[in-house]
Amino acid sequence: MAEEAKKLVRFNFKAYIADEDRMYDTNSIEAAKEAGLYNEKIPYEPVAHIIGSKRLFADLEDAIASAEIGKEYEVTIPCEKAAGPRNPKNVEYYPLKNFIDREKEQYPQPGMTVTIGKRNGTIASVGAGRVKVDFNNPLAGHDLMYKFTVVEEVTDPVEKAKAVVEADFSTAEGFEFAVQDDKIVVTEPDICKYDSNWSIAKYKIVSDLRQVIGKDRVEFLQVWDVPKKE
């Protein structure tokens, strides 16, 4: 049997590296542009979050859980409770030639993100014949500060389902949702037939739908129509 439904909220935020007084993330399009963080591929909309899902730093999670709707809060998270301290062992050196692609005219530059093996890192410096790569979390070693406002608690079951898909698959456009007495039915748009990320996202979506709606059974419906003749 599914557990009691958890609360789902939407919130706006601005995240700063506190010891540098520098914004590193936000869902405000105006603030993103002002800070030079704007990315046209990112939807700047209130963030859906399941209270108790432990997907945020614990101090931020607790602050959001107790926040009043419409009121702005500020919370500072010490390094030890955020991304942790930097580990010098996570800084490694690699031959410069490994990062050069002359055909594409690609050369390593400080600040570039790279993937080596299954690890993601940031190029810290480029020297004579070798590249310094930092595999630490970019937030490691820093105190963080968040300004946030909870804009709503989502209570309608269909809106909850929509918010979950938006959060886990980046968009809910084209989806249809029905919440019945014993199950949740999600009708998939055509994009799901061809997007390889969908099959992975479904596992997370099922778990989250069960948490916020409190029903065990989740059905996904694909519709294959015969193309209409002109």
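Before reading on, note that the structure itself is shown above.
Here goes a summary of the coordinates provided. (Residues numbered from 1 in each chain as written. Predicted model: local features only at pLDDT ≥ 70, side-chain atom pairs only at ≥ 80, totals over all residues. Heavy atoms only, no water.)

**As for the overall build of the protein**
Part 1 of the reasoning: For the protein, the helix and strand inventory stands at four helices and 12 strands.
Part 2 of the reasoning: With the principal axes as the frame, the protein shows a C-alpha extent of 65 × 50 × 35 Å.
Part 3 of the reasoning: Counting all 230 residues of the protein, 35% fall into the buried class.
Part 4 of the reasoning: Counting only contacts in the protein whose residues sit at least 6 apart along the sequence, the fraction spanning at least 24 positions is 62%.
Part 5 of the reasoning: Carbon and sulfur atoms make up 47% of the accessible area of the protein, which amounts to about 14,900 Å² in all.
Part 6 of the reasoning: Taken as two groups, the 32 positive and 41 negative side-chain charges of the protein have centres that lie 6 Å from each other. (Helix = DSSP H or I, 4+ residues; strand = E, 2+ residues; numbered from the N terminus. Buried < 20%, exposed > 50% of the residue type's maximum accessible area, 1.4 Å probe, protein only. Contact = heavy atoms within 4.5 Å. Areas by Shrake-Rupley, 256 points an atom, 1.4 Å probe, with all protein chains shown as cover. Lys, Arg positive; Asp, Glu negative; His and termini not counted. Charge placed at Lys NZ, Arg CZ, Asp CG, Glu CD.)

**Things to note about the sheet that holds strand β11 (residues 183-187)**
Part 1 of the reasoning: The strand order across the open sheet formed by three strands is β10-β11-β12, and the pairing between neighbours is mixed. In the strand order of this sheet, the two ends are held by β10 (176-179) and β12 (217-221), each with one partner. Within this sheet the neighbouring strands show an average axis-to-axis angle of 15°, counted without direction.
Part 2 of the reasoning: In the sheet, β10 pairs with β11 via four bridges, with the strands oriented antiparallel. The residue of β11 that forms the bridge with Val-179 is Ile-184.
Part 3 of the reasoning: Running at roughly 140° to β12, helix α4 (residues 196-213) makes contact with β10, β11 and β12 of the sheet. (Pairing = 2+ DSSP bridges. Axes fitted to C-alpha atoms, helices over the stretch in contact; angles between N-to-C directions.)

**Looking at the sheet that holds strand β6 (residues 113-116)**
Part 1 of the reasoning: Within the open sheet, the four strands sit side by side as β5-β8-β7-β6. Their pairing is antiparallel. With partners counted over all chains shown, the strands left at the sheet margins are β5 (91-95) and β6, one partner each. Averaged over all pairs of adjacent strands, the angle between strand axes in this sheet comes to 45°, irrespective of strand direction.
Part 2 of the reasoning: Sheet analysis places β6 next to strand β7 (residues 119-126), joined by four bridges and oriented antiparallel. If you follow Thr-115 over to β7, its bridge partner there is Asn-120.

**Let's talk about the layout of surface pockets**
Part 1 of the reasoning: Computed from the structure, the largest pocket encloses a volume of approximately 880 Å³.
Part 2 of the reasoning: In this structure, the largest pocket is lined by 34 residues; those nearest its centre are Phe-13, Pro-46, Val-47, Ala-48 and Ala-167.
Part 3 of the reasoning: Elements supplying a minimum of two residues to the lining of the largest pocket: β1 (8-17), β2 (22-26), β3 (47-50), α3 (157-169) and α4. (1 Å grid on protein atoms, 1.4 Å probe; cavity = no way out; pocket = protein on both sides within 12 Å on 5 of 7 lines; lining within 4 Å. Points joined across faces, edges and corners; volume = space filled by probe spheres on them.)

**Regarding the pattern of salt bridges**
Part 1 of the reasoning: Taken as a whole and judged by the stated rule, the model has 12 salt bridges.
Part 2 of the reasoning: For Glu-166, the salt bridge is made with Arg-10, and the minimal N-O distance between the two is 3.2 Å. Of this pair, Glu-166 sits in helix α3 while Arg-10 sits in strand β1, and the two are 156 residues apart along the sequence.
Part 3 of the reasoning: In this structure Glu-166 comes out as partly exposed when scored by relative accessible area, which is 23%.
Part 4 of the reasoning: Overlapping salt bridges, with partners in common, bring together Arg-55, Asp-168, Lys-204 and Asp-208 in one network. (Salt bridge = Lys/Arg side-chain N within 4 Å of Asp/Glu carboxyl O.)

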